[in-house]
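Notes for the structure review
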Amino acid sequence: MAKFVYTMQNILNIKQKLENQAKIAYGQANAKLLEEQRKLQEILVRKARYEERARELVSGSIHIREIRENKQAIDAMKSAMRAQLLQVQSAERAVEDARRKLNDVMVERKTHEKLREKQFEQFKEELAYEENKVVDGLVSYTYQKGTQE
């Protein structure tokens, strides 16, 4: 019996490997985004603590030095928050790029899988045709042999 061999199997294997690599890259980009969002959340929490401390400093006895230091800390948190927002946006773009690349690679792999399926269907049709030729040959041989006797 004939064995099916896909002529572009090596290309399909490469496409599958590229898809796996793209999945890994997407996962890493997503993990980086989550990490950047976590850092932003921490900055927001610290800023809220400084603001709460500022309210406490103003309501009690007034210590100018502590209030000034607290204000500088709040300003530093605002600056860190803006920088972290840029990092989050950058990570979001990286996730979107990785998702787009993954999608493209998946489409290419699926295309090659469809080509493989079509080639396999053609192979089955050719095999059935060959089997029918052999059966027809046997039937006509036995028919001719029966008429000669």
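Report follows, based on the coordinates.

If you tally the helices and strands in the protein, you get two helices and zero strands. Summarising its shape, the C-alpha atoms of the protein cover approximately 125 × 20 × 15 Å along the three principal directions. The buried share of the protein, taken over its 149 residues, is 19%. Excluding contacts between residues fewer than 6 apart, the proportion of contacts in the protein whose partners are at least 24 apart in sequence is 86%. Entry remark: accessible area of the protein is about 11,500 Å², with carbon and sulfur atoms responsible for 55%.

Attention now moves to the environment of Val-88. Among the secondary structure elements, Val-88 is positioned in helix H2 (residues 64-148). For Val-88, a relative accessible area of 6% puts it in the buried group. Considered as a pair, Val-88 and Arg-55 are 33 residues apart in the sequence and their alpha carbons are 30 Å apart. Aside from chain neighbours lying at most four places away, what touches Val-88 is Leu-33, Glu-36, Gln-37 and Leu-40.

Once that is clear, we can look at the environment of Ile-11. The residue Ile-11 is located in helix H1 (residues 9-59) in this model. For the pair Ile-11 and Glu-117, spaced 106 residues apart in the sequence, the C-alpha separation amounts to 14 Å.

Think of an α-helix as turning once every 3.6 residues; residues three or four places apart then point the same way. Here H1 contains 51 residues, and its C-alpha end-to-end distance of 75 Å stays within 8% of the 75 Å for a straight helix at 1.5 Å per residue. Three or more residues of H1 are buried, namely Leu-12, Lys-15, Glu-19, Ala-22, Ala-29, Leu-33, Glu-36, Leu-40, Ile-43, Lys-47 and Leu-57.

Once that is clear, we can look at the nonpolar core. If you look at the biggest cluster of nonpolar residues, it comprises ten residues: Ala-29, Leu-33, Leu-40, Ile-43, Met-77, Met-81, Val-88, Ala-91, Val-95 and Ala-98. Secondary structure elements with two or more residues in this core: H1 and H2. By residue number, the principal contributor to this core is H2, which donates six residues. Judged by nonpolar contacts, the second largest core, of five residues, contains Phe-4, Tyr-6, Phe-123 and Leu-127.

Parameters at a glance
Residues numbered from 1 in each chain as written. Predicted model: local features only at pLDDT ≥ 70, side-chain atom pairs only at ≥ 80, totals over all residues. Heavy atoms only, no water. Helix = DSSP H or I, 4+ residues; strand = E, 2+ residues; numbered from the N terminus. Buried < 20%, exposed > 50% of the residue type's maximum accessible area, 1.4 Å probe, protein only. Contact = heavy atoms within 4.5 Å. Areas by Shrake-Rupley, 256 points an atom, 1.4 Å probe, with all protein chains shown as cover. Expected span 1.5 Å × (residues − 1). Core = buried A, V, L, I, M, F, W, Y, C linked by side-chain atoms within 4.5 Å.

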